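Understanding the architecture of this molecule
Okay, here's what each chain looks like letter by letter:
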Amino acid sequence: MNFLAHLYLSQNNTNIMIGNFIADHIRGNNYKEYSREIQQGIFLHREIDSFTDAHEVVRKSKRRLHQRYRHYDGVIIDIFYDFFLAKNWAHYSAIPLDIYTQSVYHLFDEAAPKLPLKSQQFIKYMIEYNILFNYQFEEGIAKVLNGMNKRTEGKSQMNLAIEDLKNLESDLESDFIIFFKDLIEFTNQKIKEIKNKI
């Protein structure tokens, strides 16, 4: 899953949100330098990723794109799923998306100096371009895909995936709705387990 989903699944616990956000930038045992709840967020992120990768509906979504994008299919699906979450945000949260995203930006802006450098850099980018809020628009997704394509020096051709989003939107949205219900249930249980262990 991508950033918005990971944050949403943190159940509005600010430290778990921080851990969930920085998890990809934490290597080895470096998580031990953070507080207990941030560690919980890091482990939650990893559990969410493992569950997502193994889920048959996600694999079906990836197959829809695999021939064109090969091993980049998962990255694209993560971004598309955040699009569907943002687009349908009112079904999942009573807090409007604009208010939610501004509160997230404020949280991360304050926490940034204590976070990994890569996380700090992305926080600046995320706030400047209002990434989380703009996930709900095709234009916002197109910008993200263009940026990802540049990072791969054009090898991924992810910039073309906005066409696939338009062509496959109904099928992919159905996949997302089925999968995200399962992911919410999984996460609710996993948070309890992690809190008991860490």
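Whatever comes next refers back to the structure up there.
To keep things clear, this report deals only with the structure shown in the data block. Remember, predicted model here, so these are calculated numbers, not experimental data.

Overview of unusual backbone geometry
Notably, Asn-12 is not glycine yet its phi reads approximately 60 degrees, a positive angle. Tracing the chain through its elements places Asn-12 in the loop between α1 (3-8) and α2 (14-22). Phi is positive for Asn-130, close to 50 degrees, though the residue is something other than glycine. With respect to the element layout, Asn-130 can be found in the loop between α8 (117-128) and α9 (131-134).

Things to note about the pattern of salt bridges
Across all of its chains, the model carries 12 salt bridges by this definition. Asp-171 is the salt-bridge partner of Arg-64, the closest N and O atoms lying 3.8 Å from each other. Here Arg-64 is found in helix α4 (residues 56-69), whereas its partner Asp-171 is found in helix α11 (residues 161-197), with 107 residues between them in sequence. Look at Arg-64 and you get partly exposed, because its relative accessible area is 31%. Of the charged contacts in the structure, one is a salt bridge between Glu-169 and Lys-87, with a shortest N-O distance of 2.6 Å. Taken as a pair, Glu-169 in helix α11 and Lys-87 in helix α5 (residues 73-87) lie far apart in primary sequence, 82 residues in all. With a relative accessible area of 37%, Lys-87 lands in the partly exposed category. Salt bridges sharing partners connect three or more residues here, namely Lys-60, Arg-64, Asp-171 and Asp-175.

Description of the nonpolar core
Core analysis: the biggest nonpolar cluster contains 65 residues, and Phe-80 and Phe-180 have the highest contact counts within it. The dominant element in this core, judged by the number of residues it contributes, is α11, at 12 residues. Filtering out sequence-adjacent residues up to four positions away, Phe-180 remains in contact with Met-1, Ala-5, Tyr-8, Leu-9, Leu-85 and Tyr-92.

Procedures and definitions
- Residues numbered from 1 in each chain as written.
- Predicted model: local features only at pLDDT ≥ 70, side-chain atom pairs only at ≥ 80, totals over all residues.
- Heavy atoms only, no water.
- Helix = DSSP H or I, 4+ residues; strand = E, 2+ residues; numbered from the N terminus.
- Salt bridge = Lys/Arg side-chain N within 4 Å of Asp/Glu carboxyl O.
- Buried < 20%, exposed > 50% of the residue type's maximum accessible area, 1.4 Å probe, protein only.
- Core = buried A, V, L, I, M, F, W, Y, C linked by side-chain atoms within 4.5 Å.
- Contact = heavy atoms within 4.5 Å.

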